Each structure stands twice: as structure tokens, then as C-alpha cells.
Amino acid sequence: MTTEPILEEVAGKCVDASGGAIGMPQLCADWFPNQIFWLLVALVAIYLILTRVALPRISAVLAERRGTITNDLAAAEELKQKANEAEAAYNDALAAARTEAAKIVAAARADIDAVLAKAVAKADADIDAKAAVSEQRIAEIRANALESVTEVAKDTAKELVSVLGGNVDARSINAAVTARLKG
């Protein structure tokens, strides 16, 4: 027996006498059924591996991510709601604090106005008292001034009469100066 017929029977027309491939072995029509069989086996194996192992893991990861995202969105919405409530409470507290501050300012202003009114009344009373004392002193000064003017007029009249060579009579000088001062 020769090896050529065995090789040709086993390998087909795609292998030469020395066992080397003639052209590209993938394109040899004699080997297509064998290649198709192993292609189907490989595809079925890949399909089974993907459907039994990989795809369940991927879908579990995707479901977990979807659940995490949903939970995070729900938590974010809840936190947003709480933040809105906290902001409303803050604004209410701020408004209440402003109202209370306005009341405190009004009360302080009223107290200050009352103290100021008392101080102004006391100052007015002090001014009135000092004015009365001043008016009394002015009246005294005027009275003293009138007396002083009368005295100066009498002394001046005596001196004039004596310089002019007249007889100085104190009673007549007093009567003349008094009459002249009265009008």
C-alpha cells in the first residue's frame, strides 16, 4: 500500500503528496462540512456559556445598577424635600427673628423716648428756674442801675452847680433830678 491514496482519502484534494496544504485550507471545499460542524459546536458552546454564565451576571449587574440609581434618585428626592422643608423652617425662623428684633427695637426706642422726655422736662425745668433767677437778677441790676443813675445825676448836678458858682442845696437837687427822671 502506498501512502498517497490514504492521504487523498483522509485529507482530500487539499493536501499534496508530502502532506502540505495546497492553497488556503479554509477555502478547501472538501473541508467545509467539517468546518461547519466545528463552527456550530463553537457557536453552541459560546451561546451556552453566554446564556448560562455571562448574561446572568451582566443582567444582575445592570439590575443592581438600576436599583442603585433608583434608590439614589429616591434618596436625592427625599433629601431635596428635606432641604426645602429646612429652607422653609429657616425662612420662618428668620422672619420670626426679624419680627422679634423689630419689637425689641420699638421697645428700646420707647424706653429711650421716655428717658429723653424726662431729661428734656428736667432740662426745661432747670432752664426755667435759671431763667427766673436771671430775670430776677436783671430786675435787680435794672433797679440798681436806676438808683445808680439817680445818684450819678445828683452828684453831677451838685458838681455843675458848684462849678457854675451856685449854692448847692441837696434837697432842691434831689427834687429836680427826681422830677426830671420821672418825665
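Residues numbered from 1 in each chain as written. Predicted model: local features only at pLDDT ≥ 70, side-chain atom pairs only at ≥ 80, totals over all residues. Heavy atoms only, no water.

### Details of the overall build of the protein
Okay, so step 1: On a plain count of helices and strands, the protein comes out with 3 helices and 0 strands.
Okay, so step 2: The linear arrangement of helices and strands in the protein, starting from the amino end, is α-α-α.
Okay, so step 3: Here the protein has a C-alpha radius of gyration of 67 Å; the compact-globule value for 183 residues is 16 Å, and the former is much larger.
Okay, so step 4: Along the longest, intermediate and shortest principal axes, the C-alpha atoms of the protein span 205 × 40 × 20 Å.
Okay, so step 5: A total of 183 residues make up the protein; the buried ones form 5% of that total.
Okay, so step 6: Considering only contacts in the protein between residues 6 or more positions apart, those separated by 24 or more positions represent 12%.
Okay, so step 7: When the accessible area of the protein is evaluated, it comes to approximately 15300 Å², of which 64% is carbon and sulfur surface.
Okay, so step 8: Averaging the locations of the 20 positively and 25 negatively charged side chains of the protein gives two centres separated by 14 Å. (Helix = DSSP H or I, 4+ residues; strand = E, 2+ residues; numbered from the N terminus. Rg over C-alpha atoms; globule rule 2.2 N^0.38 Å. Buried < 20%, exposed > 50% of the residue type's maximum accessible area, 1.4 Å probe, protein only. Contact = heavy atoms within 4.5 Å. Areas by Shrake-Rupley, 256 points an atom, 1.4 Å probe, with all protein chains shown as cover. Lys, Arg positive; Asp, Glu negative; His and termini not counted. Charge placed at Lys NZ, Arg CZ, Asp CG, Glu CD.)

### Let's talk about the side chain of threonine 150
Okay, so step 1: Following the sequence through the fold, threonine 150 ends up in helix H2 (residues 32-163).
Okay, so step 2: We classify threonine 150 as buried; its relative accessible area is 15%.
Okay, so step 3: Contacts of threonine 150, omitting those with residues within four sequence positions, involve Val177 and Leu181.

### Observations concerning the pattern of salt bridges
Okay, so step 1: A complete count under the given rule lists 1 salt bridge for this structure.
Okay, so step 2: Salt-bridge contacts for glutamate 78 lead to lysine 82; the nearest nitrogen and oxygen are separated by 3.4 Å. Here glutamate 78 and its partner lysine 82 are both found in helix H2, 4 residues apart, which amounts to about one turn of the helix.
Okay, so step 3: You can call lysine 82 partly exposed: its relative accessible area is 46%. (Salt bridge = Lys/Arg side-chain N within 4 Å of Asp/Glu carboxyl O.)

### Some thoughts on the environment of leucine 55
Okay, so step 1: When you line up the elements, leucine 55 lands in helix H2.
Okay, so step 2: On the basis of relative accessibility, which here comes to 43%, the residue leucine 55 falls in the partly exposed class.

### Details of a nonpolar patch on the surface
Okay, so step 1: Taken together, the side chains of Phe32, Ile36, Leu39, Leu40, Leu43, Ile46, Leu50, Leu55, Ile58 and Leu62 present a nonpolar region at the surface, about 910 Å² in accessible area.
Okay, so step 2: On the basis of relative accessibility, which here comes to 45%, the residue leucine 43 falls in the partly exposed class. (Patch = residues over 30% accessible without salt bridge, like charges linked within 9 Å, V, L, I, M, F, W, Y side chains within 5 Å.)

### Concerning helix H3 (residues 170-182)
At 3.6 residues per turn, the α-helix brings residues three or four places apart onto the same side.
Okay, so step 1: Helix length check: H3 (13 residues) gives 18 Å between terminal C-alpha atoms against 18 Å at 1.5 Å per residue, within 8%.
Okay, so step 2: Trailing H3 by a residue or two, glycine 183 shows a phi angle of about 135°, which is positive. (Expected span 1.5 Å × (residues − 1).)

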